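Here's the letter readout for the chains.
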Amino acid sequence: MLHQLAQGRPFTPRRYFSVDRVFRNDHLAEFHDQIEGVVCDRGLTLVDLKGVLTDFFERLGMRNIRFKPTYTKPSMGIYSYHGGSKKWVEVGNSGMFRPEMLLPMGLPEDVTCIAWALSLERPAMILYGIDNIQDIFGH
């Protein structure tokens, strides 16, 4: 999609979103885990990314959100407080595409992209006080 976006002249900012079923071997065999988003525009920063994600979670009713830097730069883990377990729970990851990923696609040098992949189950667990992710799906 980013390569296709780069083919348009002049560049037009875009937002892409996806909610879909994914398969993960580190949890259950199948569950709705991914809410993905990418925003491409000129001059976006981590501040913009934090603003988008804070707004998203506030609209879900989650006010206790924290961001923690992760190993790949620039990126952040997204955490929300789970009142039932009295812990901060990771609900997603986020970051910015590095220029060496965007330039070969043909995007202008001043275009940046922010992106995230969020869990759907974990915010539901926090909102409804569920302690075990398997209780959402059962056997």
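So, here is what we can say about the structure in this document. Predicted model only: the values in this text are computed from it and were never measured.

## Some remarks on the nonpolar core
The biggest cluster of nonpolar side chains holds 16 residues, and the ones touching the most others in it are Leu49, Leu53, Phe57, Ile78, Ile114, Trp116 and Leu118. For this core, the elements supplying multiple residues, two or more each, are strand E2 (31-42), helix H2 (46-59), strand E4 (75-82), strand E5 (87-96) and strand E6 (111-118). Contact partners of phenylalanine 57, with chain neighbours within four places excluded, come to Met62, Ile65, Ile78, Val91, Leu118 and Pro123. One finds Leu5, Ala6, Tyr16 and Cys40 within the second-largest nonpolar core, a separate group that totals 13 residues.

## Let's talk about a nonpolar patch on the surface
On the surface, a cluster of nonpolar side chains totalling about 320 Å² of accessible area is made up of Leu60, Leu127 and Tyr128. Note on placement: leucine 127 falls in helix H4 (residues 121-128). When its relative accessible area of 37% is taken as the criterion, leucine 127 is described as partly exposed.

Scoring rules and cut-offs
Residues numbered from 1 in each chain as written. Predicted model: local features only at pLDDT ≥ 70, side-chain atom pairs only at ≥ 80, totals over all residues. Heavy atoms only, no water. Core = buried A, V, L, I, M, F, W, Y, C linked by side-chain atoms within 4.5 Å. Buried < 20%, exposed > 50% of the residue type's maximum accessible area, 1.4 Å probe, protein only. Helix = DSSP H or I, 4+ residues; strand = E, 2+ residues; numbered from the N terminus. Contact = heavy atoms within 4.5 Å. Patch = residues over 30% accessible without salt bridge, like charges linked within 9 Å, V, L, I, M, F, W, Y side chains within 5 Å. Areas by Shrake-Rupley, 256 points an atom, 1.4 Å probe, with all protein chains shown as cover. Salt bridge = Lys/Arg side-chain N within 4 Å of Asp/Glu carboxyl O.

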